[in-house]
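So the chains spell out like this:
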Amino acid sequence: MSERIPAAGRARAWLQLLRVPNLLTVPGDPVAGFLLAAGKQCESGMIGRLAAAAAASLCFYAGGLVLNDVLDLEADRRERPFRPLPSGRAGLRGAWAAAAILLLAGLGLSAALGPRARETGLALAAAIVLYDAGGKRAPFFGSALMGVCRALSLLLGAAAYPGLAGWPPLVAVGAVALGLYILSVTNLARRETEPGPVGRAKSWPVGALTLGLMVFGAVVLRLGGGGAGWFVAPWFLAGSVAFMTSIRLAGPPERARRIPAAVGALLRALLPLQAALAWGAGAGPAGWIAGIVLLAVWPASRILGRRFYMS
């Protein structure tokens, strides 16, 4: 007879399965996309559409996380037996159900926002399933696919803006920058089961994404986003985190950080990056408030990251 797991233990297992610190980095994608699409036309009456896009993105992301662990169960039994599913602290049937419900909820919320958002949501769901079902194992394709998922999350927010025709330049550049960032971090995270410190050959993507951040900053300034002058501070803050992480990873063994800790720091750096996008959108008070909230969430994500695994 199997040992009964206390309710508190099951709840903690599900919080680990959903990677709670990761979830804090998700709403900023569609929020940034919406603000970049709206610009100076952002109005308070649009908050409902923005909230629906953020909820859809959260559902897609959480569903993808659970589906990933379900499909990786055998590998996790060998390499990560401490995780909720292989340890038996979370049930497999419940995980299958949760993944399906969350992904369907994301599709439903996207469809409610109109044809453009519905198509973007379908593309995001397809990319998530393709990644989880085996695309992640391809050396470069998997990392690129994860970058596409986060770029589509930003585009989902832009698609929620009513009457959007095409992708405005700021939206397109923001999606590309976010996708490149996540591509680099995912490429690093693929090595998380390797023992020991990380050398230059493994840490180069972090330096590359830092360069990408600076290039993106120059492009946005050139395009003249209404808040561009103020967005530089959090943008370079995110870039500095990436740069310092790269230096540490490439350092001597006694100073180098292991990959999981580096991945957590880089994922949390999404928050100032998203704040920079919100401020650079020129969306007035809505952009300012969104940026301030995202920056305020950053230390909270660090605290949660000490208690729950990030990947």
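Model, not experiment: these values are computed from the prediction.

Concerning the side chain of Arg80
Okay, step 1: Looking at the secondary structure, you find Arg80 in the loop between helix H5 (73-79) and helix H6 (84-87).
Okay, step 2: For Arg80, a relative accessible area of 13% corresponds to the buried category.

Quick look at unusual backbone geometry
Okay, step 1: Phi at Arg19 takes a positive value of approximately 50°, unusual for a residue other than glycine.
Okay, step 2: Relative to the elements of secondary structure, Arg19 occurs in the loop between helix H1 (7-17) and helix H2 (20-23).

Points about the pattern of salt bridges
Okay, step 1: In total, this model carries eight salt bridges according to the counting rule given.
Okay, step 2: With its nearest N and O atoms 2.5 Å apart, the salt bridge here joins Glu74 to Arg77. Here the residue Glu74 and the residue Arg77 both occupy positions in helix H5, the gap between them amounting to three residues, near one helical turn.
Okay, step 3: Judged by relative accessible area, which is 46%, Glu74 ranks as partly exposed.

A closer look at helix H10 (residues 169-189)
Okay, step 1: With 21 residues, H10 should reach 30 Å at 1.5 Å per residue; the first-to-last C-alpha distance of 30 Å fits that figure.
Okay, step 2: Among the 21 residues that make up H10, 16 are buried, leaving the element largely enclosed by the rest of the structure.

Comments concerning the nonpolar core
Okay, step 1: If you look at the biggest cluster of nonpolar residues, it comprises 67 residues, and the most contacted ones within it are Phe34, Leu35, Phe60, Leu154 and Tyr181.
Okay, step 2: Counting five residues, the second-largest nonpolar core is a separate cluster that includes Leu23, Val26, Ala62 and Leu65.

Let's talk about a nonpolar patch on the surface
Okay, step 1: Together, Leu71, Leu92 and Trp96 give the surface a local cluster of nonpolar side chains, amounting to about 270 Å² of exposed area.
Okay, step 2: With respect to the helices and strands, Leu71 occurs in helix H4 (residues 47-71).
Okay, step 3: Residue Leu71 is classed as partly exposed on the basis of its relative accessible area of 36%.

Considerations on helix H8 (residues 115-132)
Given 3.6 residues to a turn, an α-helix orients residues that are three or four positions apart in the same direction.
Okay, step 1: With 18 residues, H8 extends 26 Å from end C-alpha to end C-alpha; this agrees with the ideal 26 Å at 1.5 Å per step.
Okay, step 2: For H8, every residue scored as buried is listed here: Ala117, Thr120, Gly121, Leu124, Ala125, Ala127, Ile128, Tyr131 and Asp132. For H8, the angular spread of buried residues about the axis comes to 160°, placing them on one side.

Description of the environment of Val297
Okay, step 1: One can find Val297 in helix H15 (residues 285-305).
Okay, step 2: Using a relative accessible area of 21% as the deciding quantity, one classes Val297 as partly exposed.
Okay, step 3: On a C-alpha basis, the gap between Val297 and Leu24 in space is 7.3 Å, while along the polypeptide they are 273 residues apart.

Examining the packing of aromatic side chains
Okay, step 1: Taken as a whole and assessed by the stated rule, the structure comprises two aromatic pairs.
Okay, step 2: Between Trp279 and Trp288, the aromatic rings sit 5.0 Å apart at their centres with planes inclined by 45°, giving tilted as the arrangement.
Okay, step 3: Judged by relative accessible area, Trp279 falls into the buried class, the value being 14%.
Okay, step 4: One residue, Arg116, lies across the ring of Trp167, its end atom 4.1 Å from the ring centre.

Quick look at the environment of Leu92
Okay, step 1: Looking at the element boundaries, Leu92 is found in helix H7 (residues 92-112).
Okay, step 2: Overall, Leu92 belongs to the partly exposed group, its relative accessible area being 37%.
Okay, step 3: Once the C-alpha coordinates of Leu92 and Asp69 are considered, the two residues, 23 residues apart in sequence, prove to be 9.6 Å apart.
Okay, step 4: Other than its neighbours up to four places away in sequence, Leu92 contacts Val70, Leu73 and Leu85.

Overview of the packing of helix H14 (residues 270-280) against H15
Okay, step 1: The N-to-C vectors of H14 and H15 enclose an angle of 175°; their axes lie 8 Å apart at closest approach. Judged on the interaxial angle alone, H15 and H14 are roughly antiparallel. Judged by residue contacts, Leu271, Pro272, Gln274, Ala275, Ala278 and Trp279 of H14 engage Gly287, Trp288, Ala290, Gly291, Ile292, Leu294, Leu295, Val297, Trp298 and Ser301 from H15.
Okay, step 2: Here the residues of the contact of H14 with H15 sort into 12 nonpolar, four polar and no charged.

Digging into the confidence of the model for the chain
Okay, step 1: Looking at the chain as a whole, its pLDDT mean stands at 80, while 74% of the residues score no less than 70.
Okay, step 2: Across the chain, the secondary-structure element scoring lowest on mean pLDDT is helix H11 (residues 200-223), at 60, and the one scoring highest is H8, at 96.

Description of the packing of H4 against H8
Okay, step 1: Closest axis-to-axis distance for the H4/H8 pair is 9 Å, and the angle between their directions is 20°. The pairing of H4 with H8 is recorded here as roughly parallel in orientation. Considering how the two elements wind past one another, H4 and H8 form a crossing that is right-handed. Residues Phe60, Gly64, Leu67, Asn68 and Leu71 of H4 form the contact with H8, whose own contacting residues are Gly121, Leu124, Ala125, Ile128, Val129, Tyr131 and Asp132.
Okay, step 2: Of the residues belonging to the contact of H4 with H8, the class tally is eight nonpolar, three polar and one charged.

Definitions and cut-offs
Residues numbered from 1 in each chain as written. Predicted model: local features only at pLDDT ≥ 70, side-chain atom pairs only at ≥ 80, totals over all residues. Heavy atoms only, no water. Helix = DSSP H or I, 4+ residues; strand = E, 2+ residues; numbered from the N terminus. Buried < 20%, exposed > 50% of the residue type's maximum accessible area, 1.4 Å probe, protein only. Salt bridge = Lys/Arg side-chain N within 4 Å of Asp/Glu carboxyl O. Expected span 1.5 Å × (residues − 1). Core = buried A, V, L, I, M, F, W, Y, C linked by side-chain atoms within 4.5 Å. Patch = residues over 30% accessible without salt bridge, like charges linked within 9 Å, V, L, I, M, F, W, Y side chains within 5 Å. Areas by Shrake-Rupley, 256 points an atom, 1.4 Å probe, with all protein chains shown as cover. Arc of directions from axis to C-beta. Phe/Tyr/Trp six-rings, centres within 6.5 Å; stacked < 30°, edge-to-face > 60°. Lys NZ or Arg CZ within 6 Å of the ring centre and 35° of its normal. Contact = heavy atoms within 4.5 Å. Axes fitted to C-alpha atoms, helices over the stretch in contact; angles between N-to-C directions. Parallel < 35°, antiparallel > 145°, perpendicular 65-115°, else oblique. Nonpolar A, V, L, I, M, F, W, Y, C, P; charged D, E, K, R; others polar. pLDDT = per-residue confidence, 0-100. Left-handed = near helix turned anticlockwise from the far one by under 90°.

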